[in-house]
Amino acid sequence: MFCIECGSENKQMVGEICIDCFLKEFEMIEIPKNINVEICSHCNSRLEEGKWSDSFIPEEEIIYRALERNIKINELVENEEINLEIDQIKGTIAECFVEVVGDVYGVTIDETHDTSVRILKTVCPSCSKLQSGYYESVIQFRADNREIKSEEYDKADEIVARTLEKQAKTDKLAYCPQIAKLKEGYDYYIGSLKTGRKIAEALKDEFGGIIKESPRLISEDKSTGKGLYRIWISVRIPEFESKDIIEYENKLIQVTDIGKNRVVGLDIKTNKKHNIPLKNMESIKLVKKSSEIETTTIISMSPKIIQILDPSDFSAVDLEMNEEFSDYNIGDEIKLIKIENYIYLIK
Ligand SMILES: [Zn+2]
Ligand SMILES: [Zn+2]
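Residues numbered from 1 in each chain as written. Chains lettered and ligands numbered in written order. Predicted model: local features only at pLDDT ≥ 70, side-chain atom pairs only at ≥ 80, totals over all residues.

In the nomenclature of an unreviewed UniProt entry, the protein chain is known as Nonsense-mediated mRNA decay protein 3 of Methanobrevibacter millerae.

Below, the structure written as structure tokens:
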């Protein structure tokens, strides 16, 4: 056998030509001279095969991945080792160098390629939504029958910010483009519905209350007939607060804790503990604010009677002794609340 190209004999043959002539024309990899990558100038996510993915990866990493994606290795190559290098970055163009070492028909070859990766900076759909103030949900933070206190607004702001930060890891629309500060409460505009719902839940966790969603049709896609909805999520926190006296199922209860789904309190007549589901918030009546709780002094005590001073006129009032107060002493201060001319002692 002799090579039909160079005529040499006694060489390893690849078809009708010798290995040397074969390798002269052979390239282990194919890589385009110019590679374009579209990345978002705001979040660094990149467009790949029509999809935006992997936000927040560094630019160099984007270049390396673009090179990797564009390399086609010939199937004759074995034991290949590919080394990628960025020579220099000039403006938006990265001059790169690709070195391949591999075996072809038992011969080890070293091959180099120059290529450039051009980074086209655009704005991804999520960022353009953010810039245009796009939002899918509005959280209406309200209190039942009362104004919201400034500490409650501060707490709510903090919860919204914290939840957005947490959600931002998985939801690119976790942002709040606007807070409308209305007399009746704040409206938090939230980029996505998913995150809007998470925030509403977090607010409920903190304050208790009731969440209600009401979708409003914003526009209709003529081609699909599908409606675009924006969801208003109302978070209505209770009128009562911890330590207030409420009435529920004919019982007078002092609130000790407001949780995510329930109110815990003590019956001020029997001192029994009650759990009231917050979904029954409508049936809970605020009777007295904790600010109306007064303090007085015990004048005398007997096993059946506890006598105190009525703080309004300093008259002595006899009340039924309750086991709860048996460890009190004469002269001690004691708390009381007046409800419809009755005096209730509370702990
Ligand atoms: Zn040859
Ligand atoms: Zn972006």
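1. Quick notes on the environment of Ile334
For clarity, the cut-off: Note on conventions: DSSP H or I runs of at least 4 residues are helices, E runs of at least 2 residues are strands, and numbering of each starts at the N terminus. Exposed residues have 12 or fewer other C-beta atoms within 10 Å of their own C-beta, buried residues have 20 or more, and partly exposed residues fall in between, where C-beta atoms are placed from the backbone. Any two residues are considered in contact once their C-beta atoms, placed from the backbone, lie within 7 Å.
By secondary structure assignment, the location of Ile334 is in strand S24 (residues 333–339). For Ile334, a count of 18 C-beta atoms within 10 Å gives the class partly exposed. Here the alpha-carbon distance between Ile334 and Arg216, two residues 118 residues apart in the chain, equals 53 Å. Once residues lying within four places of it in the same chain are set aside, the contact partners of Ile334 are Thr296, Ile298, Ile308, Tyr328 and Leu345.

2. Regarding the sheet that holds strand S10 (residues 107–122)
Short version of the rule: Paired strands, in this sense, are two strands between which DSSP finds at least two bridges. Only the stretch in contact is used when fitting a helix axis, every axis being a line fitted to C-alpha atoms; angles between N-to-C directions are given from 0 to 180 degrees.
An order of S6-S5-S4-S10-S9-S8 is seen for the six strands of this open sheet, with the pairing classed as mixed. Of all the strands in the sheet, the pair left with one neighbour each is strand S6 (51–53) and strand S8 (77–90). Averaged over all pairs of adjacent strands, the angle between strand axes in this sheet comes to 35 degrees, irrespective of strand direction. As defined by bridge partners, strand S4 (residues 34–40) adjoins S10 across seven bridges and the pair is classed as parallel. Paired with Ile35 across the strands is Val117, a residue of S10.

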